[in-house]
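A closer look at the structure
Spelled out, the chains give:
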Amino acid sequence: MSQVHARTCHICEANCGLLVEVEGRDILSIRGNPDHVLSRGHICPKGTAIADLQDDPDRLHKPLKKVDGAWQEIGWETAFQEIATKLKDLKQAGAKPAMYMGNPSAHDYGISTQVSTLRRAIGLKNIYSASTLDQIPHHVVQYRMYGHVSLAPVPDIDRCQYLVIIGGNPAASNGSIWTVPDFKKRVKEMQARDGKLIVVDPRRTETAKLADAHHFVKPGTDTALLIGILKSVFDNGLADIARIQDIMDDSWSAIEPAIAGFDMDQLAAYCGISVEDIQDIATQLAADQPAAIYGRMGVSVCEFGTLNQWLIQVINIATGNLDREGGTMVAEPALDTINLVGRGSVRTVETVRGEMPVIMGELPTITLADELLREDEERIRSLFVITGNPVLSSPDGAKLDRALEKLDLMVSFDMYVTETSCHADYILPPCGPLEKDHYPFFFGPLAIRNYASYSPAIFDIPEGEKADWEIIAELAREILATDGQDVPNIREPRDVLDNMLQSSPAGLTLAEVEAAPNGIDLGALRPCMADRLMTEDKQIQCAHPDFLAELERFGSALHNEQPDSLRLIGRRHVRQNNSWLHNSRRLAKGPNRCTLMIHPDDAASQGLENGDIATVTSRVNSVDIVVEVTDDVMAGVVSIPHGFGHGREGVKLAVAQENPGVSINDLTDPEAFDPLSGNAVLNAIPVTVKAVASVH
Ligand SMILES: Nc1nc2c(c(=O)[nH]1)N[C@H]1C(S)=C(S)[C@@H](COP(=O)(O)OP(=O)(O)OC[C@H]3O[C@@H](n4cnc5c(=O)[nH]c(N)nc54)[C@H](O)[C@@H]3O)O[C@H]1N2
Ligand SMILES: Nc1nc2c(c(=O)[nH]1)N[C@H]1C(S)=C(S)[C@@H](COP(=O)(O)OP(=O)(O)OC[C@H]3O[C@@H](n4cnc5c(=O)[nH]c(N)nc54)[C@H](O)[C@@H]3O)O[C@H]1N2
Ligand code: SF4
Ligand SMILES: [Mo]
């Protein structure tokens, strides 16, 4: 007899409701749950592919230890004891440890409940993270303006009438720092009520194709557009802050003069969008309709990422759309991490590259390879990688690839032998995805409605396997015991979750949430910024001096000549997820997606045709890649998706290796970063493109 389990998907931030039909341990089907309170039946191909993850023959089931270059299966106790002893010896020799936390840990609330104990056991104040390749600028802005690193206003798409998306592609990514499942249908609904979607992107993306207007923008120049929009709002007397004036501090008055000196024509020429188009966007955002501007990866992972995210908040304030129904609002989720988890921090630390930002205790990953390669006693000699694949995900991955070999101890928490975990001395694999429970711990606070949704595990964990949280908790205990320190009791994630739910304003118990397999809808977002603000004076700090200084720095950069080399950008596809879903045959099938998109004019000038192989060269490296000629990218821009490059030695991902592709991060440059956040620069990379071989 088959059974159908309602469950939320843990792969991306959308957290769609799924219906998983199983018979025994066989997965018969995975489809969208039409009754889920948030996703309303939406599912993407990755949700269905959870079945492939669960049953993947390459998925590890026992801890592995590398002995003379070969992998051996060992028992959990032995693994924990050996790691603890080696770490103790290294610590006694004064060797420095480090940790890197990757993206999937944000989608496993169990990990979040245990990892601080492991950090303490290892002796780590700060860690490296995928967030510093991604979204750290948002956290800096939220901390400075609203007093909490995670207090993020999100567009209220269901009531919005004019939505500008700049550097985001939710039609493929399903939203980020914005839990918005069923994005496409919501756009269609917005358009059906005469609302408009405007997209600003150097590529005519899946989202751009849905839009009412799409503007190409030169990669890395959005700051000029954002300043232009704001200036146009001020200059035309369109600013309207009445709605939230009472919770805005005096620094607001510093913004208009700070941008007064910018010249609209120069801003327009710099970003490649006309003054008329900039003014039209400003006018529409400020018109008497709920509107929002939202920016994501394309404007975060660049040199002025923090400045861009600040300008986006300021535009929403100036146009009267922050804290407005149909504008941008902060959530009041069932599990209110904002009140339960500290405000976070913005500091600096001394690194091998000089003083660098450390945000929420997260160190810039662009410095990791250099810290592994340094020659003094500060060199990192042991590394714990939790759900991460930085060899493919961080700039100059090839350098990191080499640097990892220098470690005295490396432990990977991963279910595969990947481009990163292949360097480890130990791999500690978790149980399968359907053997763990799920709660959208970090994503409730980013969702377009207030809601709760808990999914118990569908299958029991097989004998001898463990969930990530157990592996982390047990290793932490072993390290503490080996060091002769107090060993705390393990608090089960479910208990922590129950406690946090009950301590949140909605006051739900885990049992109540669990009893609602389609989730509990707590209603649309409400204007509530005044209550949510966590700044000391309960005012929005409108213009932190760092942001004003950065504005000035941009002003100088604006006068620099722009190099006329091609600019490389990344891309995401709905059938991929970062570096780690390429081993699913149902996702991998179809045309080769690891191509260099290039505009016909640029292809012609290099004598390149569709299907040719080109060498792409940046400051750090070269890769050879198949060319896809398309006017979906603007002239002067080329695009390579990230997450490929599975051809490296030692990787055990049979399906992914059939079409290994190349890694864009063999071209990206760790020297470039956003100085206010330490975030990597992953777009607008200057490159040259040359034909290698013609297949014609
Ligand atoms: N050039 C370029 N680089 C980028 C980006 C880009 O747009 N362009 N995007 C950046 C972004 S936004 C991000 S978030 C980072 C991601 O960077 P990372 O987090 O470093 O990399 P992922 O590709 O997400 O790899 C996740 C790893 O975790 C493993 N894993 C998956 N699920 C689990 C689990 O449940 N338990 C355990 N133990 N392991 C698991 C996978 O096998 C995989 O090895 O990449 C960044 N890098
Ligand atoms: N299918 C799928 N979904 C995913 C992921 C995935 O790998 N695959 N990854 C997940 C993760 S970890 C994240 S962080 C989110 C990211 O979510 P998004 O940010 O929505 O996804 P991206 O595709 O990185 O979108 C960035 C867009 O910025 C554009 N861009 C590049 N450079 C510039 C620029 O200089 N200016 C402007 N205006 N635009 C620019 C790119 O062309 C691209 O369309 O997606 C998540 N969802
Ligand atoms: S959109 Fe994201 S959450 Fe929804 S099914 Fe796809 S991967 Fe899962
Ligand atoms: Mo990400």
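Because the structure is predicted, anything quoted here is derived from the model rather than measured. (Residues numbered from 1 in each chain as written. Chains lettered and ligands numbered in written order. Predicted model: local features only at pLDDT ≥ 70, side-chain atom pairs only at ≥ 80, totals over all residues. Heavy atoms only, no water.)

Some thoughts on the overall build of the protein chain
What the protein chain contains, in helices and strands, is 26 helices and 27 strands. Out of the 696 residues belonging to the protein chain, those deemed buried represent 61%. Taking as baseline every contact in the protein chain between residues at least 6 positions apart, the subset at least 24 positions apart corresponds to 75%. If you sum the accessible surface of the protein chain, you get close to 25,000 Å²; carbon and sulfur atoms cover 47% of it. The distance from the centre of the 63 positive side-chain charges to the centre of the 97 negative ones in the protein chain is 2 Å. (Helix = DSSP H or I, 4+ residues; strand = E, 2+ residues; numbered from the N terminus. Buried < 20%, exposed > 50% of the residue type's maximum accessible area, 1.4 Å probe, protein only. Contact = heavy atoms within 4.5 Å. Areas by Shrake-Rupley, 256 points an atom, 1.4 Å probe, with all protein chains shown as cover. Lys, Arg positive; Asp, Glu negative; His and termini not counted. Charge placed at Lys NZ, Arg CZ, Asp CG, Glu CD.)

Focus: helix 14 (residues 305–318)
Over its 14 residues, helix 14 runs 20 Å from end to end, which matches the ideal 20 Å to within 8%, given 1.5 Å per residue. Counting buried residues in helix 14 gives 14 out of 14 residues, a clear majority hidden from the surface. One or two residues past the end of helix 14 sits Gly320, with phi positive at roughly 75°. (Expected span 1.5 Å × (residues − 1).)

Section: the site of ligand 2
Taken together, 30 residues lie around ligand 2, and Asp201, Asp222, Arg572, Gln576 and Asn578 are the ones closest in. At 2.7 Å from a nitrogen atom of ligand 2 is found a side-chain nitrogen or oxygen belonging to Asp222. Alone, ligand 2 offers 910 Å² of accessible surface; in the complex the protein occludes 97% of this. Secondary structure elements with two or more residues in the shell around ligand 2: helix 6 (170–173) and helix 13 (297–300). Broken down by element, the residue count for the shell around ligand 2 peaks at three residues, all from helix 6. The residue makeup of the shell around ligand 2, split by class, is 10 nonpolar, 14 polar and six charged. Residue contributions to the shell around ligand 2 reach at least three from each of two domains, namely domain 3 (152–334 + 537–552) and domain 4 (563–693). (Near = heavy atom within 4 Å. Polar contact = N/O pair within 3.5 Å; in protein donor to acceptor, adjacent residues only side chain to side chain. Nonpolar A, V, L, I, M, F, W, Y, C, P; charged D, E, K, R; others polar. Domains from an automatic or database assignment.)

Comments concerning the site of ligand 1
Neighbouring ligand 1 are 29 residues; Tyr100, Asn103, Asp414, Asp468 and Ser579 lie closest to it. Residue Asp414 places a side-chain N or O atom 2.6 Å away from an oxygen atom belonging to ligand 1. One nitrogen or oxygen atom from the side chain of Ser579 is found 2.5 Å from an oxygen atom belonging to ligand 1. Compared with its free state, where it exposes 920 Å², ligand 1 has 96% of that area covered by protein. The residue inventory of the shell around ligand 1, partitioned by class, reads 13 nonpolar, 11 polar and five charged. Structurally, the shell around ligand 1 is a two-domain feature, drawing no fewer than three residues from each of domain 2 (64–133 + 338–522) and domain 4 (563–693).

A short note on the packing of helix 5 (residues 136–146) against helix 14
In a packed pair of helices, the relevant descriptors are the angle between the two axes and the axis-to-axis distance. In the contact formed by helix 5 and helix 14, the axes pass within 8 Å of each other and the chain directions differ by 50°. With respect to each other, helix 5 and helix 14 are oriented oblique. Judged by the twist between their axes, the crossing of helix 5 over helix 14 is right-handed. Residues Pro137, His138, Val140, Val141, Met145 and Tyr146 of helix 5 lie in contact with helix 14, whose contacting residues are Gly305, Thr306, Gln309, Trp310, Gln313, Val314 and Ile317. Residue composition of the contact of helix 5 with helix 14, grouped by class: eight nonpolar, five polar and no charged. (Axes fitted to C-alpha atoms, helices over the stretch in contact; angles between N-to-C directions. Parallel < 35°, antiparallel > 145°, perpendicular 65-115°, else oblique. Left-handed = near helix turned anticlockwise from the far one by under 90°.)

Some thoughts on the packing of helix 9 (residues 222–235) against helix 14
Their axes nearest at 10 Å, the elements helix 9 and helix 14 cross at an angle of 20°. Relative to helix 14, helix 9 is oriented roughly parallel. Between helix 9 and helix 14 lies a crossing whose hand is left-handed. For the pair formed by helix 9 and helix 14, the contact residues are Asp222, Thr223, Leu226, Ile227, Ile229, Leu230 and Val233 on the first element and Leu307, Asn308, Leu311, Ile312, Val314, Ile315 and Ala318 on the second. Grouping the amino acids of the contact of helix 9 with helix 14 by side-chain chemistry returns 11 nonpolar, two polar and one charged.

Brief notes about the side chain of Thr223
Mapped onto the secondary structure, Thr223 falls in helix 9. Apart from the residues lying within four places of it in its own chain, the contact partners of Thr223 are Phe304, Leu307, Asn308, Leu311 and Phe554.

Section: the pattern of salt bridges
Following the criterion strictly, the structure yields 37 salt bridges and no others. Put simply, Asp52 and Arg586 hold a salt bridge, and the shortest N to O gap is 2.6 Å. Taken together, the residues span a long stretch of sequence, with Asp52 in helix 2 (residues 50–55) and Arg586 in helix 24 (residues 585–588) at a distance of 534 residues. On the basis of relative accessibility, which here comes to 33%, the residue Arg586 falls in the partly exposed class. (Salt bridge = Lys/Arg side-chain N within 4 Å of Asp/Glu carboxyl O.)

Regarding the environment of Ile229
Tracing the backbone through its elements, the reader meets Ile229 in helix 9. With 244 residues separating them in the primary sequence, Ile229 and Ala473 have C-alpha atoms 49 Å apart. The residues touching Ile229, leaving out its near neighbours within four places in the chain, are Ile278, Ile281, Ala282, Leu285, Ile293 and Ile315.

Quick look at the sheet that holds strand 12 (residues 291–295)
What links the strands of a sheet is backbone hydrogen bonding, and the strands pair in either a parallel or an antiparallel sense. Ordered by their spatial adjacency, four strands build an open sheet running 11-10-9-12, and the pairing between neighbours is parallel. A single partner strand is all that each edge strand has here, and the edge strands are strand 11 (213–215) and strand 12. Sheet twist, expressed as the mean angle between neighbouring strand axes with direction ignored, is 15°. Helix-sheet contacts for helix 12 (residues 275–286) involve strand 9 (162–166), strand 10 (196–200), strand 11 and strand 12, and the interaxial angle to strand 9 is about 130°. (Pairing = 2+ DSSP bridges.)

Interpretation note: all reported values are geometric properties and have no functional meaning in isolation.
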